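Residue-level listing of the chains:
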Amino acid sequence: MAAVHLRIGDLVWGKLGRYPPWPGKIVSPPKDLKKPRGKKCFFVKFFGTEDHAWIKVEQLKPYHPHKEEMIKINKGKRFQQAVDAVEEYLKKAKGKEQAHGSDDKSKAGKGQKTTAKPMKIIEEDDEDAFKGGSSDKDQTDSDPEPSSVQRVVAGTVAGFKWESSPASSMEPISKRLKIIEEDTGSTSIQAADSTAVNGSITPTDKRIGFLGLGLMGSGIVSNLLKMGHVVTVWNRTAEKCDLFIQEGARLGRTPAEVVSMCDITFSCVSDPKAARDLVLGPSGVLQGIRPGKCYVEMSTVDPETITELSQVITSRGGRFLEAPVSGSQQLSNDGMLVIVAAGDRSVYEDCSSCFQAMGKTSFFLGEAGNAARMMLILNMVQGSFMATIAEGLTLAQATGQSQQTFLDILCQGQMASTFVDQKCQNILQGNFKPDYYLKHIQKDLRLAISMGDSANHPTPMAAAANEVYKRAKALDQSDNDMSAVYRAYIH
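1. Thoughts on the overall build of the chain
Logical step 1: Each helix and strand counted, the chain has 18 helices and 14 strands in total.
Logical step 2: Sequence-distant contacts, at least 24 apart, represent 67% of the contacts inside the chain between residues at least 6 apart.
Logical step 3: Total accessible area on the chain stands at roughly 23700 Å², and carbon and sulfur atoms take up 50% of it.

2. Let's talk about the nonpolar core
Logical step 1: Phe-210, Leu-224, Phe-266, Val-296, Met-298, Phe-355 and Met-358 are the most contacted members of the largest nonpolar core, which has 33 residues in total.
Logical step 2: Where this core is concerned, the elements lending two or more residues are β6 (208–211), α4 (215–226), β7 (231–234), β9 (264–267), β10 (294–297), β13 (337–343), α11 (345–350) and α12 (352–358).
Logical step 3: For this core, the element with the most residues is α4, which contributes five residues.
Logical step 4: With residues up to four places along the chain from it excluded, the contact list for Phe-266 reads Ile-208, Gly-209, Phe-210, Leu-211, Val-296, Met-298, Cys-351, Cys-354, Phe-355 and Met-358.
Logical step 5: Of all hydrophobic cores here, the second largest spans 31 residues; its members include Ile-427, Leu-445, Ile-449 and Ala-488.

3. Considering the pattern of salt bridges
Logical step 1: Taken as a whole, this structure holds 12 salt bridges when the rule is applied.
Logical step 2: Here Glu-87 ties to Lys-67 by a salt bridge, and the two come within 3.0 Å at their closest N and O atoms. In this pair, Glu-87 is assigned in helix α2 (residues 77–109) and Lys-67 in helix α1 (residues 67–73), connecting sequence segments 20 residues apart.
Logical step 3: Take Glu-87: its relative accessible area is 24%, and that puts it in the partly exposed class.
Logical step 4: Between Glu-349 and Arg-345 there is a salt bridge, with its nearest N and O atoms 3.7 Å apart. Here Glu-349 pairs with Arg-345, and both are found in helix α11, just four residues apart, close to one helical turn.
Logical step 5: Of the residues examined, Glu-349 reaches a relative accessible area of 49% and is grouped as partly exposed.
Logical step 6: Taken together, the shared-partner salt bridges in this structure form one network comprising Arg-319, Asp-344 and Asp-350.

4. Side note on the packing of helix α16 (residues 438–454) against helix α17 (residues 460–474)
Logical step 1: One way to put it is that α16 packs onto α17 with a least axis distance of 9 Å and a crossing angle of 145°. For the pair α16 and α17, the sense of crossing is left-handed. Note on element contacts: α17 touches α16 through Ala-462, Ala-463, Ala-465, Asn-466, Tyr-469, Lys-470, Ala-472 and Lys-473, opposite Leu-438, Ile-441, Gln-442, Leu-445, Arg-446 and Ile-449.
Logical step 2: When the residues that make up the contact of α16 with α17 are grouped by side-chain class, the tally is nine nonpolar, two polar and three charged.

5. So, unusual backbone geometry
Logical step 1: Unlike most non-glycine residues, Ser-283 shows phi in positive territory, near 55°.
Logical step 2: Mapped onto the secondary structure, Ser-283 falls in the loop between α7 (272–280) and α8 (285–288).
Logical step 3: Among the residues examined, Ser-283 registers a relative accessible area of 32% and is labelled partly exposed.

6. Points about the state of the cysteines
Logical step 1: A full pass over the atoms with the stated rule returns zero disulfides.
Logical step 2: With no disulfide partner, Cys-354 has as its closest neighbouring cysteine sulfur the one in Cys-351, 5.6 Å distant.

7. Regarding the side chain of Gln-442
Logical step 1: Tracing the backbone shows Gln-442 in helix α16.
Logical step 2: Gln-442 gets classed as buried once you look at its relative accessible area, which sits at 6%.
Logical step 3: Ignoring sequence-local partners within four residues, the contact set of Gln-442 consists of Asn-466, Tyr-469, Lys-470 and Lys-473.

8. Some details on helix α13 (residues 370–398)
Logical step 1: Here α13 is 29 residues long and its end C-alpha atoms lie 42 Å apart, about the 42 Å a rise of 1.5 Å per residue gives.
Logical step 2: Taken from the residues just after α13, Gly-400 is the one with a positive phi, measuring 80°.

9. Considerations on the packing of aromatic side chains
Logical step 1: Inspection of every chain in the model, using the stated rule, returns nine aromatic pairs.
Logical step 2: Ring geometry for Phe-266 and Phe-355: centres 6.3 Å apart, planes at 70°, overall edge-to-face. Here Phe-355 lies in helix α12 and Phe-266 lies in strand β9, a separation of 89 residues in the sequence.
Logical step 3: Residue class for Phe-266 comes out buried when judged on its relative accessible area of 0%.
Logical step 4: Every member of this aromatic cluster is reached through a ring pair, and the members are Phe-210, Phe-266, Tyr-348, Phe-355 and Phe-364.

10. Focus on the confidence of the model for the chain
Logical step 1: Chain-level statistics for the chain give a pLDDT mean of 80 and a share of 76% at 70 or above.
Logical step 2: This stretch, residues 107–199, has a pLDDT under 50; its non-local contacts, to residues over four places away or in other chains, come to 200 contacts.

11. Details of the layout of surface pockets
Logical step 1: In this structure, the second largest pocket encloses a volume near 1100 Å³.
Logical step 2: The wall of the second largest pocket is formed by 41 residues, among which Leu-213, Gly-214, Cys-268, Val-269 and Ser-270 lie closest to the centre.
Logical step 3: Only α4, α5 (242–246), α7 and α16 provide two or more residues apiece to the lining of the second largest pocket.
Logical step 4: Its residues assigned to classes, the lining of the second largest pocket shows 16 nonpolar, 16 polar and nine charged.

Basis of the calculations
Residues numbered from 1 in each chain as written. Predicted model: local features only at pLDDT ≥ 70, side-chain atom pairs only at ≥ 80, totals over all residues. Heavy atoms only, no water. Helix = DSSP H or I, 4+ residues; strand = E, 2+ residues; numbered from the N terminus. Contact = heavy atoms within 4.5 Å. Areas by Shrake-Rupley, 256 points an atom, 1.4 Å probe, with all protein chains shown as cover. Core = buried A, V, L, I, M, F, W, Y, C linked by side-chain atoms within 4.5 Å. Buried < 20%, exposed > 50% of the residue type's maximum accessible area, 1.4 Å probe, protein only. Salt bridge = Lys/Arg side-chain N within 4 Å of Asp/Glu carboxyl O. Axes fitted to C-alpha atoms, helices over the stretch in contact; angles between N-to-C directions. Left-handed = near helix turned anticlockwise from the far one by under 90°. Nonpolar A, V, L, I, M, F, W, Y, C, P; charged D, E, K, R; others polar. Disulfide = S-S within 2.5 Å. Expected span 1.5 Å × (residues − 1). Phe/Tyr/Trp six-rings, centres within 6.5 Å; stacked < 30°, edge-to-face > 60°. pLDDT = per-residue confidence, 0-100. 1 Å grid on protein atoms, 1.4 Å probe; cavity = no way out; pocket = protein on both sides within 12 Å on 5 of 7 lines; lining within 4 Å. Points joined across faces, edges and corners; volume = space filled by probe spheres on them.

See below:
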């Protein structure tokens, strides 16, 4: 097949990782957004969403020649909404072109020379907006403003064959590559708009409760609401509930009331003590548990705490599942967490639509306690790795080497990852806004080391990293991001 030449303004079908081809438009990227190294790619805005992503040229097809083919193999609600958005865009573009034609004729009648122009699909102000060539009134809401962009999270776009993609494998884009807006200093329900509702998933008809609206819980609740779940919320600081109430959540006055009102209640709090207090304290979860009620503990705690909570919940006829999550505040907002669950398998199955709303995948590990063990191991590795990266950055500086060059080399090798790039860039920029609290990763290291002691298994790397985090906490870095462990090496 002859090569297809694409340019700014072209409508295309873009293939994003494992997701089906999706309609979009090639737009100019913001000036401060770096183009990925490697193969040729274009910056694409996807219709029906607020998503933008760099897409390799081989993953793009012209919109019109492949329209019927794509419509046949994808019938999802979200997909149809995206196609409708394209058609609406085309109508507006055609109307503007006709208006331009009328103006040209009018000018020609006055003796001005005109040149016939083919109809453009792209609006002129879309492209100019990113080159500083248009006024504020010419800016449209459909494309991003350069100042609002910090970075684009890009996914793997493995090779694929358009003709051989079976209809059964097609599903709406449920987890987006998105532009991350400048932080406003608060978590907003609107930010959860960055997570697409998967049109092929029907939200459970069970009433959902959620206790704890911290960095992780806020994003989770946002996505549950966006997916159409009926959610009742409670938080120790009641003001945090207000935004969610405005978006349709119900308010529970106490943990016990939430549990009594709901079929499945999730909790996500900071540590083992908070998890125990939530269940066993005054007006706690245990007072609202009745036979058949489901309780899902999403906090990262030790297996002993999970065993205790499981026993007290089931002793009242309740059903228990632990489901801690691997990720960060940003991944929580994006609905891209990894859920690690254990306990009552039937509860895990009942939570299917909830887990799909909040995460990209989930694992069931058997009896209660196993998920806590696995999560502590995962966070132990992540925390130790972060401390090592910070040590490398500071050693580079101490020996007269460029920290940026160190990062550039690192990100071209086998250790390259979004995690490394983002954390190191934040360190170099002095940005330690919490995405995962330093005090929490230190807590996880401490619990992992204790778990190693119980199993008589050495954890010397974790122990060394833990001491560095303790030093960072002594330097008042507890409420900063885990990457603030860097400061323990420079003070």
